[in-house]
Amino acid sequence: MYIENNISKQKGATLIVALILLALMTIIGLSSMDSSTIDVKIVANSKDRQLAFNGAESGLFQGGKLVSNTECPLDPTTTPAYVEDTFAADRDFWRDSNNWTLSAVAGTDIDAEFMIETFQEGPTGPMSEQSINAPRFYYYPVLAKATGPGNANVILQSHFVTKHDGDNCLNP
């Protein structure tokens, strides 16, 4: 008799507490899933940028290799990536893919593009030592760009130096 009387007095407070706890646990679970999704996106964007950077760096080295392995000063008729003029203010020039030389990045689906801008002749030494036979240094700005699989764009620039010593072109 005591058991029957006790059951009839319960109002369902335990059920309400259990439902509130279940709702709180669901909210916590959903927010942690959302946080995990953001973390995955951050990692994917970071990887995409790193792949694009590696591609651009590969293009930069390809351009540097061209500068290092050819006679200097470079000749635009024999060096396809070389442009004789500067186009710093011409946006259309930079956007035109015909002005860039394509370079595949080994082991990836990424293509890098590079160009070698017109050289700048550097100092040959103290004025008292300068003569017709004095070595000359040529500074070539090399630009490279690449796009990652997720459309991250990276553009890099470096300068490569060659030494022109009379009839010979040497790398210092």
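Being a predicted model, the structure only gives us computed values, none of them experimental.

Enquirer: Tell me about the overall build of the chain, and please be specific about residues and values.
Expert: Check the secondary structure of the chain and you find three helices and six strands. Secondary structure of the chain in N-to-C order comes out as α-α-α-β-β-β-β-β-β. Residues counted as buried form 26% of the 172 residues belonging to the chain. Across the chain, every contact between residues at least 6 apart in sequence was considered, and the portion connecting residues at least 24 apart equals 58%. Only carbon and sulfur atoms are counted for the fraction: they give 57% of the accessible area of the chain, which is about 12,100 Å².

Enquirer: Describe in detail the environment of His-159, supporting the description with residues and values.
Expert: In this structure, His-159 sits in strand 5 (residues 153-165). Given a relative accessible area of 45%, His-159 falls into the partly exposed group. C-alpha separation for the pair His-159 and Val-67, spaced 92 residues apart in sequence, amounts to 10.0 Å. When neighbours within four sequence positions are excluded, His-159 is seen to be in contact with Tyr-140 and Pro-141.

Enquirer: How would you explain the pattern of salt bridges if you had to name every residue and give the values?
Expert: Enumeration according to the criterion identifies one salt bridge in this entry. Linking Glu-113 and Lys-145 is a salt bridge whose minimum nitrogen-to-oxygen distance equals 3.8 Å. Pair noted here: Glu-113 is in strand 2 (residues 111-116) and Lys-145 is in strand 4 (residues 136-147), with a separation of 32 residues, a long-range link. Accessibility assignment for this pair places Glu-113 and Lys-145 in one class, buried.

Enquirer: With reference to specific residues and values, describe the packing of aromatic side chains.
Expert: Aromatic ring pairs: the centre-centre distance and the angle between the two ring planes describe each pair. One pass over the full model with this rule turns up one aromatic pair. Taking the centre distance of 6.0 Å and the plane angle of 75 degrees together, the rings of Tyr-82 and Tyr-140 count as edge-to-face. With a gap of 58 residues between them, Tyr-82 in the loop between helix 2 (13-68) and helix 3 (91-95) and Tyr-140 in strand 4 connect regions that are remote in the sequence. A relative accessible area of 0% means that Tyr-140 is categorised as buried.

Enquirer: Can you explain a nonpolar patch on the surface? Please cite residues and give values.
Expert: On the surface, a nonpolar cluster with roughly 470 Å² of combined accessible area is contributed by Ile-16, Val-17, Ile-20, Leu-21 and Leu-24. A relative accessible area of 46% places Leu-24 in the partly exposed class.

Enquirer: Now, about the pairing of strand 2: what can you tell me, with residues and values included?
Expert: The buried fraction of strand 2 amounts to five of the six residues, a majority that puts the element mostly inside the structure. Here strand 1 (residues 101-104) folds back onto strand 2, and the loop between the two strands holds six residues, one of which, Gly-107, carries a positive phi near 80 degrees.

Procedures and definitions
Residues numbered from 1 in each chain as written. Predicted model: local features only at pLDDT ≥ 70, side-chain atom pairs only at ≥ 80, totals over all residues. Heavy atoms only, no water. Helix = DSSP H or I, 4+ residues; strand = E, 2+ residues; numbered from the N terminus. Buried < 20%, exposed > 50% of the residue type's maximum accessible area, 1.4 Å probe, protein only. Contact = heavy atoms within 4.5 Å. Areas by Shrake-Rupley, 256 points an atom, 1.4 Å probe, with all protein chains shown as cover. Salt bridge = Lys/Arg side-chain N within 4 Å of Asp/Glu carboxyl O. Phe/Tyr/Trp six-rings, centres within 6.5 Å; stacked < 30°, edge-to-face > 60°. Patch = residues over 30% accessible without salt bridge, like charges linked within 9 Å, V, L, I, M, F, W, Y side chains within 5 Å. Pairing = 2+ DSSP bridges.

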